[in-house]
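Residue-level structural notes
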Amino acid sequence: MEQSFLIKPMLDESYPVIDYGKGVYLFDMEGKKYFDAASGAVTANIGHGVQEIIEAMNEQAKKVSFVYRSQFTSEAAERLANKIAEMTPGDLNWCFFVNSGSEATETAMKMAIQYWQEKGIQTKTKVLSRWVSYHGITLGALSMSGHPVRRARFTPLLEDFPAIHPPYCYRCPYKLEAPSCGYLCAQELESAINRIGADKIAAFIAEPVIGAAGGAIAPPKDYFKVIKEICEDHNILFIADEVMTGFGRTGTMLACEQWGIVPDIVALGKGMGAGYAPIAAALASEKVMEPILAGTKSVMSGHTLSANPQSCAVSLAVLEYLEKNEIMKEVECKGVYLRNQLEKLKNQFTFIGDVRGKGLLLGLEFVGDRDRKTPFPRKTMITQKIISIAKEKGLLIYPAGAGIDGVNGDSIIISPPLTITKREIEELALLLKESLEALSAHLN
Ligand code: PLP
């Protein structure tokens, strides 16, 4: 291609031009095949080129693609909101559509603040969060993100919402093990609330499984039960950031269901449109909507393209596809099969320190010394190396942070489309093995 003026993530790297995608594969213009073991950025949950979605897109486009949400609603938006309410736990019945995960978490944050305002409490404006977290790139979402690298440039503009350690058992700051640890990392929330003052805190936000900041860190069993109890005891709403985990990634519609937790507010994104359309949402429970409906009757957020029928029709088709093909039911089993393959790789490569995750959101953490869990020196750039070696071999995996601060460590996420078959899992594992062998040769 001649000179390009597209701003790419790293302007000095070469980016293959993709031609088309089918199932778990992408093909570039040169005919090279890539195994999409990351679903892009944990997004293409039902794989590429699904005919039913293309048909749903066309059908909606023939009718109407855009109506402005302040003037009209649409059949697609109404049906999608109803379907999400039906498929999510508890009474998360209210749906505010936006276009990206960052907008969803930021809308969730604003909903929580508005909830207290509508109840006559103006002081509860903070949304506490954890370190080693990522809730999005807009300034509100970044304020909640415990991601030092992404925060660094904008620090003067950000709130200091990250307040507690994550449930990162592999690197427990207390050097304890769950459940005998008493979930001290969750108890930190209570100390933070007492320090800051519950009268200043609207909500606490967390990713059920930590994604980009930590490399698929799943919490121990009762962690979220303890968190939810602390939130309830102190009159603080609980927001689950399910942008990466929602829409079936761990085998249930919301990952919170894995631990029997119903959040007050949920942020959804990524898998909602499965890469076929930009769409995300903030869901609110009846409790949250009650004072808003009795008060101003309007959630103070919104974007021009919020609830556009085109994206809503796509998301509805994605949900129907997941349901019709009973895809979520198989996620646990496929996840265990893939995890077993990853454990075998851990036996072979001593620089794999940890295999973790839930469902089909799995991660590997790399260490220089497995016994001491010492990260590789930063200049080794292990994450970048394995990503580029794998890409060269036609395998796409997702880079993530690691280390107690989420910065000084290396991890990758393996999150193939939920539609992956057993044979494809084996192919993925083989490509990953070959990539790790090449990395190993490079390290020696
Ligand atoms: N929340 C989580 C948990 C995410 O993983 C991401 C993106 O990686 C976001 C929010 C932000 O979503 P988006 O990139 O669509 O703005």
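Residues numbered from 1 in each chain as written. Predicted model: local features only at pLDDT ≥ 70, side-chain atom pairs only at ≥ 80, totals over all residues.

For the protein, the helix and strand inventory stands at 13 helices and 15 strands. Over its C-alpha atoms the protein spans a radius of gyration of 21 Å, differing by no more than 12% from the 22 Å that the globule rule assigns to 444 residues. Dimensions of the protein along its principal axes, counting C-alpha atoms only, are 65 × 55 × 45 Å. Per-residue burial for the protein yields a buried fraction of 50% across its 444 residues. (Helix = DSSP H or I, 4+ residues; strand = E, 2+ residues; numbered from the N terminus. Rg over C-alpha atoms; globule rule 2.2 N^0.38 Å. Buried ≥ 20, exposed ≤ 12 C-beta atoms within 10 Å, placed from the backbone.)

Moving on to unusual backbone geometry. The phi angle of most residues is negative, glycine excepted, and most peptide bonds adopt the trans form. Residue Ala178 is joined to Pro179 through a cis peptide bond whose omega torsion reads 0 degrees. As for its placement among the helices and strands, Pro179 is situated in the loop between β6 (162-164) and α7 (184-196). A positive phi angle, near 60 degrees, is found at Lys373, a position not held by glycine. Residue placement: Lys373 occurs in the loop between β12 (361-366) and α12 (382-392).

This brings us to α12. Of all the residues in α12, the buried ones are Ile382, Thr383, Ile386 and Ala390. End-on view of α12: buried residues confined to an arc of 100 degrees, all on one side of the axis. Relative to its buried face, α12 has exposed residues pointing more than 90 degrees away, namely Gln384 and Glu392. On its buried face, α12 is in contact with β12, β13 (395-396), β14 (398-400), β15 (410-414) and α13 (422-443). (Arc of directions from axis to C-beta. Contact = placed C-beta atoms within 7 Å.)

Another point: the sheet that holds strand β4 (residues 94-98). Judged by pairing direction, the sheet is mixed, and its seven strands sit side by side in the order β4-β10-β9-β8-β7-β5-β6 without closing on themselves. Each end of this open sheet is capped by a strand with a single partner; those strands are β4 and β6. Strand-to-strand twist of the sheet, defined as the mean angle between neighbouring strand axes without regard to direction, takes the value 25 degrees. Sheet analysis places β4 next to strand β10 (residues 280-284), joined by five bridges and oriented antiparallel. (Pairing = 2+ DSSP bridges. Axes fitted to C-alpha atoms, helices over the stretch in contact; angles between N-to-C directions.)

Turning next to the pairing of strand β5 (residues 126-130). Within β5, five of the five residues are buried, which leaves the element mostly enclosed by the surrounding structure. Alternating residues of β5 divide into Lys126, Leu128 and Arg130 and Val127 and Ser129, and every residue in both groups is buried. Note: β5 against β6, two bridges, orientation parallel. In the sheet register, Ser129 faces β6, and the bridge partner there is Pro162.

With that out of the way, let us pick up the site of the ligand. If you check the shell around the ligand, you find 16 residues, and the closest are Ser100, Gly101, Ser102, Gly136 and Val243. Top element by residues in the shell around the ligand is helix α4 (residues 101-118). It accounts for three residues. Counted by class, the shell around the ligand contains six nonpolar, eight polar and two charged residues. (Near = placed C-beta within 6 Å. Nonpolar A, V, L, I, M, F, W, Y, C, P; charged D, E, K, R; others polar.)

Turning our eyes to something else, we now look at the sheet that holds strand β3 (residues 33-36). Taking strand neighbours across the sheet as the criterion, the four strands line up as β1-β2-β3-β13 in an open arrangement whose pairing is mixed. At either end of the open sheet lies a strand with only one pairing partner, and these are β1 (18-22) and β13. Inspection of the sheet shows β1 paired to strand β2 (residues 25-28) by four bridges, in the antiparallel sense. By the bridge assignment for β2, Tyr20 is matched with Phe27.

A few words now on the packing of helix α2 (residues 51-63) against helix α10 (residues 309-324). Interhelical geometry of α2 versus α10 gives an angle of 150 degrees and a closest axis separation of 9 Å. Classified by the angle their axes make, α2 and α10 are roughly antiparallel. In the crossing of α2 with α10, the sense of the turn from one axis to the other is right-handed. Listed contacts from α10 to Glu52, Ile53, Ala56, Met57, Gln60 and Ala61 of α2 are Pro309, Gln310, Ala313, Val314, Ala317, Val318 and Tyr321. Classifying every residue of the contact of α2 with α10 by side-chain character gives ten nonpolar, two polar and one charged. (Parallel < 35°, antiparallel > 145°, perpendicular 65-115°, else oblique. Left-handed = near helix turned anticlockwise from the far one by under 90°.)

Another point: α2. Counted at 1.5 Å a residue, the expected span for α2 with its 13 residues is 18 Å, and the 19 Å between its end C-alpha atoms agrees. Considering only its buried residues, α2 is in contact with α3 (75-87) and α10. (Expected span 1.5 Å × (residues − 1).)

Looking along a regular strand, one sees the side chains alternate between the two faces of the sheet. With respect to burial, strand β7 (residues 201-206) is a largely interior element, six of its six residues being buried. Across three bridges, β5 lies against β7 in parallel orientation. Among the inter-strand pairings, Lys126 is bridged to a residue of β7, identified as Ile201. The pairing of β7 with strand β8 (residues 237-241) spans four bridges and is classified as parallel. Across the sheet, Ile205 pairs through a bridge with Ile239, a residue of β8. On the question of chirality, the crossover connecting β7 to the parallel β8 by way of helix α8 (residues 223-233) is right-handed. (Right-handed = clockwise from strand over helix to strand, strands pointing away.)

This paragraph deals with the environment of Ile404. Along the chain, Ile404 turns up in the loop between β14 and β15. Given 18 C-beta atoms within a 10 Å radius, Ile404 is considered partly exposed. Sequence separation between Ile404 and Trp131 is 273 residues; the distance between their C-alpha atoms is 8.9 Å. The contact partners of Ile404, leaving out residues within four places of it in the chain, are Arg171 and Pro173.

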